[in-house]
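Geometric and topological summary
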Amino acid sequence: MKVSLQPTLNDNSLDANQQNSQRQLSISISAIASNLDRNVPLNLCLILDHSGSMNGRPLETVKKAAIGLVDKLKKGDRLSVVVFDHRAKVLVPNQFIENPEQIKREINRLSADGGTAIDEGLRLGIEELAKGKKETISQAFLLTDGENEHGDNNRCLKFAQLSASYNLTLNTLGFGDNWNQDVLEKIADAGLGTLSYIQQPDRAVEEFSRLFTRMQTVGLTNAYLLFSLMPKVRLAELKPIAQVAPDTIELPVQYETDGRLAVRLGDLMKDVERVILANIYLGQLPEGKQAIANLQVRYDDPTDNQTGLFSPNIPIYANVVRNYQSVNDPQVQQHVLALAKYRQTQLAEAKLQQGDRAGAATMLQTAAKTALQMGDKSAATVLQTSATRLQAGQELSESDRKKTRIVSKTVLQDP
């Protein structure tokens, strides 16, 4: 298993007469599978809300979705199931899939009762997942339909950050309309997973299956993108790096002991691009082909049980010219628009929380126009609908807010 690393500047040329220039660097990263690569066992933990609000059809469909995943797992894969109401317990300890019928019986016996303590469920889920993480692809699916009324949201984020240090990926699924989108998004972002919205109970099976398929495509784990910047080249000071595909996530930057900048990527999927966008500033450079940065990926390969591997070092060049003419790369521009759509929607939500409905409507309209520019018609429709409702003096429903959050983070796929 190897790493594909493809960097592209939005404009390869720089004006030799300009003292300062700004460029966007798009970096496409994926795992490349070979025919000789063996399948890596999966290590899945389901962290399921069974509070009283899940009673009836919601819990029954979630149980059906969970049982469907048990059927998809193979011998050699591992599964654990943690359930929570206002307390949490391990329903199925981390184990190999050797008796799937017994696991399904345990899931089927689950009933709804009590309140909601997401942090306790997350704590136990991470503990169970960590037991089987050696030589596996390890991910958790956390599903809840409510607020963390019996728990601590800051504790949730700390557990999510802990999972990242263990090289575990967290995916969150909001069920219905009453879950806290800020908490679930922060958990998924910190765990470098994905946030899903299950508006109707009958979508639970589909969403679980979609996340499971995505988990099956993981080829490399614990990946970090490493930057070496040349003199007169620096990252932007505020929010310099973000992931823009398959989901939009603001990524923190840290320093390696050798002075390089590092960004955690987590899992790399086979032949599925993870696209990173970096905002860089360049001082005045001499004419000619100038190296401005070097990129490398550090990663683990669970197919061979190897850790701390490095991809080849990739240099990035800019062509510094006296007679400069701007030529923008259209694909990088798409990635710039994806990040703009997300950030404009974030600003709209902040204005709405401050009571500035007019400002929120304006920002949502701007985000809708950005979505249209990038050809994301589904997002444009959702964003414009919310803007129109605010302009008409209406409140945004919880469903409206959650749809807005989801379409800001990704490009929806047609069902």
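In case you missed it, the structure is sitting above this.
Quantities reported herein were computed from a predicted structural model and do not represent experimental measurements. (Residues numbered from 1 in each chain as written. Predicted model: local features only at pLDDT ≥ 70, side-chain atom pairs only at ≥ 80, totals over all residues. Heavy atoms only, no water.)

This part covers the overall build of the protein. Helix and strand counts for the protein come out as ten helices and 19 strands. The C-alpha radius of gyration computed for the protein amounts to 22 Å, which stays within 12% of the reference 22 Å derived for 415 residues, consistent with globular compactness. Dimensions along the principal axes, computed over C-alpha positions, put the protein at roughly 75 × 60 × 35 Å. Per-residue burial for the protein yields a buried fraction of 54% across its 415 residues. A separation threshold of at least 6 residues defines the contact pool for the protein, and within that pool the share at least 24 residues apart is 77%. Surface exposure of the protein reaches about 18,500 Å², of which carbon and sulfur atoms provide 47%. Positive and negative charge centroids in the protein, built from 47 and 48 side chains respectively, lie 2 Å apart. (Helix = DSSP H or I, 4+ residues; strand = E, 2+ residues; numbered from the N terminus. Rg over C-alpha atoms; globule rule 2.2 N^0.38 Å. Buried < 20%, exposed > 50% of the residue type's maximum accessible area, 1.4 Å probe, protein only. Contact = heavy atoms within 4.5 Å. Areas by Shrake-Rupley, 256 points an atom, 1.4 Å probe, with all protein chains shown as cover. Lys, Arg positive; Asp, Glu negative; His and termini not counted. Charge placed at Lys NZ, Arg CZ, Asp CG, Glu CD.)

Attention now goes to the sheet that holds strand β6 (residues 88-96). The strand order across the open sheet built from six strands is β6-β5-β4-β7-β8-β9, with neighbouring strands paired in mixed fashion. Edge strands, defined here as strands with exactly one partner in the open sheet, are β6 and β9 (195-198). The sheet shows a mean angle of 15 degrees between the axes of neighbouring strands, direction not considered. Here six bridges tie strand β5 (residues 78-84) to β6, and the two strands are oriented antiparallel to one another. Bridge pairing in β6 links leucine 79 to glutamine 95. Against the sheet, helix α1 (residues 57-72) makes contact with β4 (42-49), β5, β7 (137-144) and β8 (169-175), and its axis sits at roughly 175 degrees relative to β4, the strand it touches most. (Pairing = 2+ DSSP bridges. Axes fitted to C-alpha atoms, helices over the stretch in contact; angles between N-to-C directions.)

Bringing the environment of alanine 368 into the picture now. With respect to the helices, strands and loops of the structure, alanine 368 is situated in helix α8 (residues 357-373). We classify alanine 368 as buried; its relative accessible area is 4%. C-alpha of alanine 368 to C-alpha of proline 93: the two residues are 275 residues apart in sequence and 45 Å apart in space. Excluding anything up to four places from it in sequence, alanine 368 contacts Ala380, Leu383 and Gln384.

Counted according to the given criterion, the structure contains 28 salt bridges. When the shortest N-O distance is used, the salt bridge between arginine 23 and aspartate 11 registers 3.9 Å. Here the residue arginine 23 occupies a position in strand β3 (residues 20-32), and aspartate 11 occupies one in the loop between β1 (2-9) and β2 (13-15), the gap between them amounting to twelve residues. Judged on exposure class, the residue arginine 23 and its partner aspartate 11 are both buried. The network of salt bridges with common partners includes Asp182, Glu185, Asp189, Glu349, Arg405 and Lys409. (Salt bridge = Lys/Arg side-chain N within 4 Å of Asp/Glu carboxyl O.)

Moving on, we come to the packing of aromatic side chains. Tallied over the full model, the rule gives two aromatic pairs. Aromatic side chains phenylalanine 141 and phenylalanine 208 sit 6.1 Å apart centroid to centroid with 85 degrees between the ring planes, which places their arrangement in the edge-to-face category. Here phenylalanine 208 lies in helix α6 (residues 204-216) and phenylalanine 141 lies in strand β7, a separation of 67 residues in the sequence. Both residues of the pair, phenylalanine 141 and phenylalanine 208, belong to the buried class. Lying over the aromatic face of phenylalanine 96, arginine 78 brings its terminal NZ or CZ to 4.3 Å of the ring centre. Across the ring face of tryptophan 179, the terminal group of lysine 402 is positioned such that the distance to the ring centre comes to 4.9 Å. (Phe/Tyr/Trp six-rings, centres within 6.5 Å; stacked < 30°, edge-to-face > 60°. Lys NZ or Arg CZ within 6 Å of the ring centre and 35° of its normal.)

Tracing the backbone shows threonine 116 in the loop between α2 (100-108) and α3 (118-131). Look past the residues within four positions of threonine 116 in its chain and what remains in contact with it is Asp49, Ser51, Phe84, Asp85, His86, Thr144, Glu147, Asn148, Glu149, His150 and Gly151.

What follows covers the state of the cysteines. Under the definition given, this model contains zero disulfides. Its sulfur unpaired, cysteine 45 is 14 Å from the next cysteine sulfur, which belongs to cysteine 156. With a relative accessible area of 0%, cysteine 45 lands in the buried category. (Disulfide = S-S within 2.5 Å.)

What follows deals with helix α7 (residues 330-353). When the terminal C-alpha atoms of α7 are compared, their 35 Å separation across 24 residues agrees well with the 34 Å that a helix rising 1.5 Å per residue should span. Every buried residue of α7 is listed here: Val332, His335, Leu337, Ala338, Leu339, Lys341, Tyr342, Gln344, Thr345, Ala348, Glu349 and Leu352. Following α7 by one or two positions, glycine 355 has its phi on the positive side, about 85 degrees. (Expected span 1.5 Å × (residues − 1).)

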